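Coordinate analysis (summary)
Spelled out from the first residue to the last, the chains are:
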Amino acid sequence: MPYRARARAADERRPAPPRRSVTRLRLTCLYGGVFMLAGTAFVTVALLLAEQAVSRGSGPLLGSGSASRAVLAPADCPDAAAGGPSCPSLGQERPHDPLFLSALPLLAALGPLSVGAGYVTAGYALSRVRRITRTARSAHRHA
């Protein structure tokens, strides 16, 4: 008889649930990635809108009349309209664009902020799961 009791106790052992830290780490990565993608998309859209506003100048969006074109060029460029040899083209100027360079520190700061927001969101999501688990365990003990 004692042998059966030992066998039953060994069979009834359940595998240990995954540790909270592993679950929270996975959720942090998931939510942090979502926040990073959303933040990067937001910064990209803002950068493109700013670049479009700079290239258009302060002219109206809907014009009725002769179209005049504003050209932004360095002061030492002899002929900005003709795109002379000393004037850099737009494709060559891209890496040194001040708008692009100002976005890099913002994207670098967005990484840790996304991880922090993901950690907080994962904790909030897991708090509900912990409360449900705690309620179910207490109901199981009293039944």
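Parameters at a glance
Residues numbered from 1 in each chain as written. Predicted model: local features only at pLDDT ≥ 70, side-chain atom pairs only at ≥ 80, totals over all residues. Heavy atoms only, no water. Helix = DSSP H or I, 4+ residues; strand = E, 2+ residues; numbered from the N terminus. Buried < 20%, exposed > 50% of the residue type's maximum accessible area, 1.4 Å probe, protein only. Areas by Shrake-Rupley, 256 points an atom, 1.4 Å probe, with all protein chains shown as cover. pLDDT = per-residue confidence, 0-100. Phe/Tyr/Trp six-rings, centres within 6.5 Å; stacked < 30°, edge-to-face > 60°. Lys NZ or Arg CZ within 6 Å of the ring centre and 35° of its normal. Patch = residues over 30% accessible without salt bridge, like charges linked within 9 Å, V, L, I, M, F, W, Y side chains within 5 Å. Salt bridge = Lys/Arg side-chain N within 4 Å of Asp/Glu carboxyl O. Polar contact = N/O pair within 3.5 Å; in protein donor to acceptor, adjacent residues only side chain to side chain. Contact = heavy atoms within 4.5 Å. Expected span 1.5 Å × (residues − 1).

1. A short note on the overall build of the protein chain
Check the secondary structure of the protein chain and you find four helices and zero strands. Traced from its N-terminal end to its C-terminal end, the protein chain shows the element sequence α-α-α-α. Every one of the 143 residues in the protein chain was classed for burial, and the buried ones make up 13%. As presented, the protein chain carries roughly 12000 Å² of accessible surface, and 64% of it is formed by carbon and sulfur atoms.

2. Some thoughts on the confidence of the model for the protein chain
Per-residue confidence for the protein chain gives a mean pLDDT of 75; residues scoring 70 or more make up 59%. Of all the helices and strands in the protein chain, helix H3 (residues 90-93) carries the lowest mean pLDDT, 49, while helix H4 (residues 98-142) carries the highest, 89.

3. Notes on the packing of aromatic side chains
Two measures describe an aromatic ring pair: the distance that separates the ring centres and the angle between the ring planes. Counted by the stated rule, this structure contains zero aromatic pairs. Across the ring face of Tyr119, the terminal group of Arg24 is positioned such that the distance to the ring centre comes to 3.8 Å.

4. So, a nonpolar patch on the surface
There is a patch of nonpolar side chains on the surface, built from Phe100, Leu101 and Leu104 and spanning about 250 Å² of accessible area. The residue Leu101 is located in helix H4 in this model. Classification of Leu101 by relative accessible area gives partly exposed; the value is 42%.

5. Some remarks on the side chain of Thr28
Summarising the element assignment, Thr28 is placed in helix H2 (residues 20-56). A distance of 2.6 Å separates a polar side-chain atom of Thr28 from the backbone oxygen of Arg24. Setting aside residues no more than four positions away along its own chain, Thr28 makes contact with Gly33, Val115, Gly118, Tyr119 and Ala122.

6. Here we look at the side chain of Ser114
Mapped onto the elements, Ser114 comes out in helix H4. With a relative accessible area of 4%, Ser114 lands in the buried category. Once residues lying within four places of it in the same chain are set aside, the contact partners of Ser114 are Gly32, Phe35 and Met36.

7. Points about H4
Note: α-helices contain 3.6 residues per turn, so residues at a spacing of three or four share the same orientation. Taking 1.5 Å of rise per residue, 45 residues should cover 66 Å, and H4 covers 67 Å from first to last C-alpha, within 8% of that figure. Of all the residues in H4, the buried ones are Ala103, Leu110, Ser114, Gly118, Ala122, Gly123 and Leu126.

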